[in-house]
Amino acid sequence: MDSIRVQTTQNVEINYEVASLSDRIFAVLIDYVVILAYFILLSVMMYLAALKLGDVSIAVFVLIFLPTMFYDLLFETFMNGQSIGKKLMNIKVIKVDGTQPSFLSYFIRWILRLVDIVLFSPAVGVVTILINGKGQRLGDIAANTTVVKLVQRAKLSDTLFEEVEAQHAITYHEVAKLNDSDVETIKEVLKTTKTLNRESALKLQERAKLALEQKMGIKATQPSIDFLETLVKDYNAYRGRLE
């Protein structure tokens, strides 16, 4: 399975598994089912309205069905890189450079669907994805994005939070300066280092530790791996006490 290395805004490199072609195809099929269901539901509603009110203007018809044209653009923009199909298949759109995709990125992907999927043939998009090596169709290449597989995780309250006792003493109160994205990156680092050799793992852990120390404004004496694990527990304890 192809993978892609992304450097996050915290200056940490994370390996993502590129979404498989089958995952992307199934996601598209699910989205088509959602759109079809939307069409059928609104068609029935408009038919019933026409029976009561008489003819329904074309303008109203167009206005109601217009969102289907912008389905991918709207969902990816407001659901952080996922449509309903992508969410169910556990895949999402990310930027190759590690930054958060902007509306322009999603727009470029959406508008170029007309080129590499609609105007020619879905085969164009499929071939591009297969030969690219980064899971990119033409729209992704232009937008500097790709689609990756998300690792299925249990909810925080079902995993790490259970390991943190209510009376857990927070070591680094500066975790208040972190957010969910920072802790998600820490978890990715901890996961990724398990797949690396000792030297590479230590380098990745040290880079993550340095970036977090700078953000929190501290200098920790703990070894990098202990520091990262402590931050996860401290953050869970901190968030738990806010709720």
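Going by the structure above, here's the rest.
Here the residue index of a chain counts from 1 through its sequence in written order. Only residues with pLDDT of at least 70 get local features here, since the model is predicted, and only at 80 or more are side-chain atom pairs given and counted; chain-wide, interface and lining totals rely on the full set of residues. Values reported for side chains reflect all heavy atoms of the structure, with hydrogen atoms and water molecules removed beforehand.

Packed helix pairs are specified by the crossing angle of their axes together with the interaxial distance, meaning the distance between the axes. Helix α10 (residues 198-216) packs onto helix α9 (residues 180-193) with a crossing angle of 165 degrees between their chain directions and a minimal axis gap of 9 Å. Taken together, α9 and α10 sit at an angle that is classed as roughly antiparallel. Between α9 and α10 the crossing geometry is left-handed. Across the interface between the two elements, Asp182, Ile186, Val189, Thr192 and Thr193 from α9 touch Ala201, Leu204, Gln205, Ala208, Leu212 and Lys215 from α10. Under the scheme applied, nonpolar residues are Ala, Val, Leu, Ile, Met, Phe, Trp, Tyr, Cys and Pro; charged residues are Asp, Glu, Lys and Arg; polar residues are all the others, including Gly. Classifying every residue of the contact of α9 with α10 by side-chain character gives six nonpolar, three polar and two charged. A fitted line through C-alpha atoms serves as each axis, taken over the contacting stretch for helices, and the angle formed by two N-to-C directions is quoted from 0 to 180°. Every helix listed is a DSSP run of H or I at least four residues long, and every strand listed is a run of E at least two residues long, numbered separately from the N terminus. Comment on the angle field: the value is read as roughly parallel under 35 degrees, roughly antiparallel over 145, roughly perpendicular from 65 to 115, and oblique elsewhere. Handedness of a crossing follows from how the near helix is turned relative to the far one, being left-handed for an anticlockwise turn of less than a right angle and right-handed for a clockwise one. Residues count as neighbours in contact if any of their non-hydrogen atoms are within 4.5 Å of one another.

Turning our eyes to something else, we now look at unusual backbone geometry. Not every positive phi belongs to a glycine, and Asn80 is a case in point at roughly 55 degrees. Mapped onto the elements, Asn80 comes out in the loop between α3 (71-78) and α4 (84-88). Taking relative accessible area as the criterion, Asn80 reaches 36% and is therefore assigned partly exposed. Its identity is not glycine, yet Asn90 carries a phi of approximately 60 degrees, on the positive side. Relative accessibility under 20% of the residue-type maximum defines a buried residue, over 50% an exposed one, and the middle range a partly exposed one, all with a 1.4 Å probe and only protein chains included.

The criterion for an aromatic pair is that two Phe, Tyr or Trp rings (for Trp, the six-membered ring) have centres within 6.5 Å, with stacked assigned to planes under 30 degrees apart, edge-to-face to planes over 60 apart and tilted to the rest. The final tally for this structure, using the stated rule, is six aromatic pairs. Measuring from ring centre to ring centre gives 5.2 Å for Tyr172 and Phe227, while their planes differ by 80 degrees; the resulting arrangement is edge-to-face. Here the residue Tyr172 occupies a position in the loop between α8 (160-163) and α9, and Phe227 occupies one in helix α11 (residues 224-242), the gap between them amounting to 55 residues. Members of the aromatic cluster, each reached through a chain of ring pairs, are Phe70, Phe103, Phe107 and Trp110. When the ring centre of Phe227 is taken as reference, the NZ or CZ atom of Lys209 above it lies at 5.9 Å. Whether a charge lies above a ring is judged from NZ of Lys or CZ of Arg, which has to be within 6 Å of the ring centre and within 35 degrees of the ring normal.

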